[in-house]
Amino acid sequence: MTEQISTVAKYRRFSPWRVLALATNALVELARQKVFYVLLIFALILIGSSVLMARFAFQQEFQILKDVSLGAMSLFTSILAIVATARLIPQDLEDRTLYTILAKPVPRYEYILGKLFGALLLLAISIAVMAALFAAILYLREQSVLDQTWRQMRSGPPGQVDDALSTIRASGLNSDIFVGVTVIFLKASLLAALTLFISTFATTNIFTVVVMVVVYFIAHLQPVAREYWLQQAHAGWISRGFLALVALIFPDLQAFNLVDDIVAGVAIPMAIFTKTLLLGIFYIVIYTMAAIFVFYGKEL
Amino acid sequence: MTRALITLGIILGFGILKLPAERSLAQEHRDWHLADLDLNLTLREKIGQVGFVAALSGFRAMLADILFIQAEAAWERTEWGRVLFLFRQVTALQPHVPLFWDMAAWHMAWNASAAAMNNPKQPRQALRIKAQREYFTIGKDFLERGIKNNPRNPKLYESLAMLYRDKYNDHARASEFFRKAADCPGAPSYDKRFSGYELSYCEGWEPQAYIQLRRLYDEGEQERLPTLIKRLKYLETKLNIPPSQRIPDQVK
């Protein structure tokens, strides 16, 4: 009896260790599904584009390398976030692992948090590897161009050499790129949270993926719907009602499309970056809460 | 069913809460010219349905690169109409990349204009000259719009200055744009010199050019380059500068 009371006393309503165990398990499961092959495709795209870009001048080469790499990072992390997260709950249901886990003193919200953190860990690892690969290639190319230019111009006036070298450095690797990588991660995390929410009531992972692809495109058009809804007072009530639903239900994914401007050399102000970060976290929290709420009502 | 309705209610409630934050962030994006893509029918017609969807989905930069590569391929085939069409799309998609404006202007004002002037299919010289001047104007237009979108970028001012110098033979305007380039952050040191050189070619502006070039000369050895010395000597002769104030002759 005393032992039973002490076990109950030891049991915590929320344990970060249980969430961590679930997250690690989800990550291992996803790794076994060979999702990291995406990284191989990314590496091939980088190599392919560097071969293609050999014909261009260094400014063009760096510009295209940055555009293609960050664009590919954004595309692959979005796909990974949707496809990997969509299968987490259905897979556990199919394997009956879910029943084993929930038969233990694991609250359902910890299960959902564990799955989400597992997906986020996967995304973090993938994006870190992609960013490291991209930074290494860009840095090596920049050093090679710098070295080549210095050898060609070393006998020239020092002012001209400095001008040429600083032009190359300005086109190469800079810290703003990492701001872009952070925003890509945030967007992918938001997609993962939204996918997890949909998968709590979806019956198959195919359904979740299809719904998420549709959501992805609608969410990019959400700001257009929002502004039209709020500014066009003369529109019919059916149109306004539909636009209001789109504006209220879907996240504004355009807010996370800062990469196109970052590669163009636009410095993102810290205030905008912070607000984007907070908005992203807000979306993730809300969709995760909704996922937990729906999952609590799910009959298992 | 009740739970589904409650979930919908939560999401709608959250939607109302997020609305001001989203609008404020979108406004800040507009203020800073971020995601400065004018989503209208003209752009949709320019880039096509698939391109428009790709641009909306956050792949604007990648799409612009693909079109840029296509434009370079069209240039190799000397299809000038296609080059212009593709560069209009590229610059519409990525207006904050000075490189694209600069390349578009260079292809039009230098390459296409030269091709128009040497067009064997056009026997009338007057029409060849007309076509050439039209390409100069298109190049100038690209640079002016590029500057409007990137007002702190020295490269576009420099290119516009070169266009005035090499194609319009307008040294006053060339000097003005080299000076504007020199005022931009991160401008190369030669912009100031080039502004002075161009001014020295302008009739009636010799005293100002002399002051500008002499100031650069007095900055030290790094500025005393052969062209600067040559232009200063020309101006000293033209303006009858007293021998005591003239720069020394270079030791041969």
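What counts, and where the lines are drawn
- Residues numbered from 1 in each chain as written.
- Chains lettered and ligands numbered in written order.
- Predicted model: local features only at pLDDT ≥ 70, side-chain atom pairs only at ≥ 80, totals over all residues.
- Helix = DSSP H or I, 4+ residues; strand = E, 2+ residues; numbered from the N terminus.
- Buried ≥ 20, exposed ≤ 12 C-beta atoms within 10 Å, placed from the backbone.
- Contact = placed C-beta atoms within 7 Å.
- pLDDT = per-residue confidence, 0-100.
- Arc of directions from axis to C-beta.
- Expected span 1.5 Å × (residues − 1).
- Axes fitted to C-alpha atoms, helices over the stretch in contact; angles between N-to-C directions.
- Parallel < 35°, antiparallel > 145°, perpendicular 65-115°, else oblique.
- Left-handed = near helix turned anticlockwise from the far one by under 90°.
- Nonpolar A, V, L, I, M, F, W, Y, C, P; charged D, E, K, R; others polar.

### Comments concerning the overall build of chain A
Moving on, step 1. Secondary structure assignment for chain A yields 13 helices and zero strands.
Moving on, step 2. Put simply, chain A runs from its N terminus to its C terminus through helices and strands in the order α-α-α-α-α-α-α-α-α-α-α-α-α.
Moving on, step 3. C-alpha extents for chain A along the principal axes are approximately 90 × 60 × 35 Å.
Moving on, step 4. A burial count over chain A gives 42% of its 300 residues as buried.
Moving on, step 5. The contacts in chain A between residues at least 6 apart in sequence include a share of 81% that link residues at least 24 apart.

### Things to note about the overall build of chain B
Moving on, step 1. Assigned secondary structure in chain B consists of eleven helices and zero strands.
Moving on, step 2. Reading chain B from its N end, one meets helices and strands in the order α-α-α-α-α-α-α-α-α-α-α.
Moving on, step 3. Seen through its principal axes, chain B has C-alpha atoms that stretch 100 × 50 × 30 Å.
Moving on, step 4. Scored against the burial criterion, the 252 residues of chain B give a buried share of 39%.
Moving on, step 5. The long-range share in chain B, meaning contacts at least 24 apart out of those at least 6 apart in sequence, stands at 49%.

### Notes on the confidence of the model for chain A
Moving on, step 1. Summarising the model, chain A shows a mean pLDDT of 87, and 96% of its residues fall at 70 or more.
Moving on, step 2. Of all secondary-structure elements in chain A, the lowest mean pLDDT belongs to helix H1 (residues 2-10) of chain A, at 57, while helix H9 (residues 176-201) of chain A reaches the highest, 94.

### Some points on helix H5 (residues 88-95) of chain A
All names here are of chain A.
Moving on, step 1. Taken as a whole, H5 has its buried residues at Leu-88, Ile-89 and Asp-92. What you see down the axis of H5 is that its buried residues fit within an arc of 95°, all on one side.
Moving on, step 2. At its buried positions, H5 is contacted by helix H2 (16-32), helix H4 (58-86), helix H6 (97-103), helix H7 (108-153) and H9.
Moving on, step 3. Once H5 ends, the next one or two residues include Arg-96, with phi positive near 65°.

### Brief notes about the interface of chain B and chain A
Moving on, step 1. At the interface, 36 residues of chain B touch 45 residues of chain A.
Moving on, step 2. Elements with a contribution of two residues or more to the side of chain B that touches chain A: helix H1 (2-31) and helix H3 (60-76) of chain B.
Moving on, step 3. The leading source of residues in the side of chain B that touches chain A is H1(B), at 14 residues.

### So, helix H3 (residues 37-52) of chain A
Residues and elements named next belong to chain A.
Moving on, step 1. Helix length check: H3, at 16 residues, gives a terminal C-alpha distance of 23 Å against a target of 22 Å (1.5 Å per residue), a fit within 8%.
Moving on, step 2. Where H3 is concerned, the buried positions are Val-38, Phe-42 and Leu-46. Buried residues along H3 cover an arc of 85° about the axis, so they all sit on one side. In H3, the exposed positions that point more than 90 degrees away from the buried face belong to Tyr-37, Leu-40, Ile-41, Leu-44, Ile-47, Gly-48 and Val-51.
Moving on, step 3. Looking at the buried residues of H3, the elements they touch are H4 and H7.

### Brief notes about the confidence of the model for chain B
All names here are of chain B.
Moving on, step 1. Averaged over chain B, the pLDDT score is 89; the fraction of residues at 70 or greater is 94%.
Moving on, step 2. Averaged over each element, pLDDT in chain B is lowest for helix H2 (residues 41-56) (71) and highest for helix H7 (residues 154-166) (96).
Moving on, step 3. Predicted complex, confidence summary: ipTM 0.81, pTM 0.83.

### Some remarks on the packing of helix H6 (residues 125-149) of chain B against H7(B)
Residues and elements named next belong to chain B.
Moving on, step 1. It is at 9 Å that the axes of H6 and H7 come closest, and there the two elements cross at 155°. For the element pair H6 / H7, the angle class is roughly antiparallel. The chirality of how H6 crosses H7 is left-handed. Facing H6, whose interface residues are Gly-139, Lys-140, Leu-143, Gly-146 and Ile-147, H7 presents Leu-156, Tyr-157, Ser-159, Leu-160 and Leu-163.
Moving on, step 2. Partitioned by chemical class, the residues of the contact of H6 with H7 number six nonpolar, three polar and one charged.

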